[in-house]
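Analysis of the macromolecular model
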Amino acid sequence: MAEEMSTPSSSRKKAKRLPFEIQEEINCLYEFVPEVKEHFEVIDKIGEGTFSSVFLARLKHYPDIPQMFALKHIIPTSHPSRIEGELKCLLEIGGCDNVIGVELCLRNRDHVVIVMQYFPHEKFHDYLLHMSLTDVYNYMKHLLVALRRVHMFDIIHRDVKPSNFLYDRNTKRYALVDFGLAHKAPVCKASSSPNAAGPVDTSGILQETQNLSVGSSISTPVTQMSQSKHSASSSSRSQQYTPPTPNLSNSVFAKRVKSPRRLLLAKRALLVKEGKDDILSQRKGAQPVQCNCFGKPQICSVCSARSNQNAPRAGTPGFRSPEVLMKCPDQSTAVDIWSAGVIFLSLLSGRYPFFRANDDMTALAQIISTFGTDSVKEAAKACGKSLICSQTQSPVDFRTLCMKLRAAPMSKHQTKKGVTMDPLSEQSWRSVPDSAFDLLSRLLDLNPYTRITAEEALTHKFFSEMEERLGSVLC
Ligand code: ADP
Ligand code: MG
Ligand code: ZN
């Protein structure tokens, strides 16, 4: 992603000469929002994403105050509700538990600048292979603390990935940033099972079980979805989000089950109580309308006349959860947990990005080749989807995979770029506890209804075992 840019290490450096284009951009910023020029001296540009540019600045009239600021200039074409949402999140959630806070917001016409404390950080690529298992433990713990905080508000961040979780290796501090795609976890439908009533789209027409077919080969995934009009734009981040459910706010159900988290827990309790199979058979009772193309890699005229199924799909392909990739309208904070799992997978394997995909079907094919066809099919069912694969693939063993990958690029890197790890750190990778891979499998649970929550994950054995280890090292 283009959004990771090099970060100046020392912020107090005297005005270095900036490249012409950057100086131009800074001048534009001054022009667009004169108050920026009034109060700040913009020193450099430190980040650029799809919807913003981020600048480093200090206070103009208080040169002795060492505090630096990050000025996020949001592109003026952003929908006001998106900007409002981002600000609200920063205001309500930010400022504690590893979530970045907001200091100030400046606006002139359609230009909005969010002022945050500058958080020094390095690129994930630059520290990934230097991390010891203890570093990974700390990183995951702080990430989950941040997510627990965000999810407490029933907010889905929707774009959890290393460039949005800043890590300052010097001070061992962390900050979750970028609520540009964050959204309230929607209360979806008044159903007791994940899909009993079927998802509702904005036109209010009930939709039947959707047919997904994915070729197991990663390079050429023959997909029914990608040929259909169901497939949305291929942009990596979709800006607009359409809530999948109209009118439910008035229903008795919505009044009773206000929190999607509670809904999720209720569903999970039901799963445990009735057994998975029972729930699946209940769903069969919903009678999906079978048409000419059901189960075939083609679209019939009945299906092409159907209305779109609206499901939020914002985020970055390699970090999208199976339910997002399969366009399930019923999405919860569990999508962030999946992304945290993908980060954990990178940390354990030393590979980043782990899933490298430009589109949803390739991403899904990569998930299938990692988790195996059977388990992905089962998870699809839990989301009310029917997944058809042309081949059968068995799941990989995460410990074997991670240890193999970790061993391979390390040696290359050491000779190529002179990346070395201190002996203690290196040693830590020789005894990764099983609990690490257990936690990994719980974060990367394909089924969002049974996936672990941030709060539960923090009490996982991996963390207590690592704490014990660290305790015994210190003694
Ligand atoms: P976008 O929505 O464009 O991705 P982000 O909020 O993720 O915007 O910011 C883009 C980049 O700018 C981040 O990946 C990070 O490198 C940098 N950045 C953002 N906020 C801060 C901050 N408070 N301190 C330091 N750098 C930041
Ligand atoms: Mg970002
Ligand atoms: Zn059809």
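Residues numbered from 1 in each chain as written. Chains lettered and ligands numbered in written order. Predicted model: local features only at pLDDT ≥ 70, side-chain atom pairs only at ≥ 80, totals over all residues. Heavy atoms only, no water.

The name recorded for the chain in an unreviewed UniProt entry is non-specific serine/threonine protein kinase, from Dreissena polymorpha. Looking at the chain in UniProt, the text filed under Sequence similarities (unreviewed entry) is "Belongs to the protein kinase superfamily." (UniProt positions renumbered as here; feature names shortened; annotations may be inferred.)

1. Section: the overall build of the chain
Along the backbone of the chain there are 19 helices and eleven strands. Within the chain, the proportion of its 475 residues that are buried is 54%. In the chain, once contacts between residues fewer than 6 apart in sequence are set aside, the share between residues at least 24 apart is 70%. Of the roughly 21700 Å² of accessible surface on the chain, 53% is carried by carbon and sulfur atoms. (Helix = DSSP H or I, 4+ residues; strand = E, 2+ residues; numbered from the N terminus. Buried < 20%, exposed > 50% of the residue type's maximum accessible area, 1.4 Å probe, protein only. Contact = heavy atoms within 4.5 Å. Areas by Shrake-Rupley, 256 points an atom, 1.4 Å probe, with all protein chains shown as cover.)

2. Points about the pairing of strand S1 (residues 40-48)
Burial within S1 is extensive, with seven of its nine residues counted as buried. Here S1 pairs with strand S2 (residues 52-59) via seven bridges, running antiparallel. Among the inter-strand pairings, Glu-48 is bridged to a residue of S2, identified as Ser-53. Here S1 hands over to S2 after three residues, the two strands then running antiparallel side by side. (Pairing = 2+ DSSP bridges.)

3. Things to note about the side chain of Asp-336
When you line up the elements, Asp-336 lands in helix H12 (residues 334-349). Notably, Asp-336 is buried but unbridged: the nearest opposite-charge side chain belongs to Arg-158, and the N-O separation is 6.8 Å. A distance of 2.9 Å separates a polar side-chain atom of Asp-336 from the backbone nitrogen of Arg-158. Filtering out sequence-adjacent residues up to four positions away, Asp-336 remains in contact with Leu-147, His-151, Ile-155, Ile-156, His-157, Arg-158, Asp-159 and Val-160. (Lys, Arg positive; Asp, Glu negative; His and termini not counted. Salt bridge = Lys/Arg side-chain N within 4 Å of Asp/Glu carboxyl O. Polar contact = N/O pair within 3.5 Å; in protein donor to acceptor, adjacent residues only side chain to side chain.)

4. Side note on the UniProt feature "binding site: ATP" (unreviewed entry) in the chain
In the numbering used here, UniProt assigns the "binding site: ATP" (unreviewed entry) feature to Lys-72. Mapping Lys-72 onto the fold places it in strand S3 (residues 68-74). Aside from chain neighbours lying at most four places away, what touches Lys-72 is Ser-52, Ser-53, Val-54, Glu-86, Val-112, Val-113, Ile-114, Met-116 and Asp-178.

5. Quick look at the site of ligand 1
The local shell around ligand 1 holds 19 residues, among which Ser-52, Lys-72, Phe-119, Ser-163 and Asn-164 are the closest. A distance of 2.9 Å separates an oxygen atom of ligand 1 from a polar side-chain atom of His-121. A distance of 2.8 Å separates an oxygen atom of ligand 1 from a polar atom in the side chain of Asn-164. Protein contacts shield 99% of the accessible area of ligand 1, which totals 540 Å² for the unbound molecule. (Near = heavy atom within 4 Å.)

6. Points about the sheet that holds S1
One open sheet accounts for five strands, arranged S1-S2-S3-S5-S4; its pairing is antiparallel. Edge positions in the open sheet fall to S1 and strand S4 (104-108), since each of these has one partner strand only. Ignoring which end each strand starts from, the neighbouring axes of this sheet average 25° apart. Two elements, S3 and strand S5 (residues 111-117), share six bridges in a ladder whose sense is antiparallel. Bridge pairing in S5 places Ile-74 opposite Val-112. Helix H1 (residues 20-32) rests against S1, S2, S3, S4 and S5 of the sheet, and its axis sits at about 120° to S1. (Axes fitted to C-alpha atoms, helices over the stretch in contact; angles between N-to-C directions.)

7. Details of the pattern of salt bridges
Inspection of the entire model under this criterion finds 14 salt bridges. Notably, a salt bridge pairs Lys-45 with Glu-48, separated by 2.5 Å at the nearest N-O pair. Residue Glu-48 is classed as partly exposed on the basis of its relative accessible area, which comes to 31%. Two residues, Asp-159 and Lys-161, come together in a salt bridge whose shortest N-O distance is 4.0 Å. Overlapping salt bridges, with partners in common, bring together Glu-25, Lys-45 and Glu-48 in one network.

8. What about the nonpolar core?
Proteins that are soluble and globular tend to have nonpolar side chains buried together. Counting 95 residues, the largest nonpolar core has Tyr-139, Met-140, Leu-143, Phe-344, Leu-347, Phe-371 and Leu-443 as the members making the most contacts within it. Among the elements that make up this core, the one with the highest residue count is helix H5 (residues 133-152) (eleven residues). Setting aside anything within four residues of it in sequence, one finds Leu-143 in contact with Val-160, Phe-165, Ala-340 and Ile-343. If you look at the next biggest cluster of nonpolar residues, it comprises 16 residues, including Leu-18, Tyr-30, Val-36 and Phe-55. (Core = buried A, V, L, I, M, F, W, Y, C linked by side-chain atoms within 4.5 Å.)

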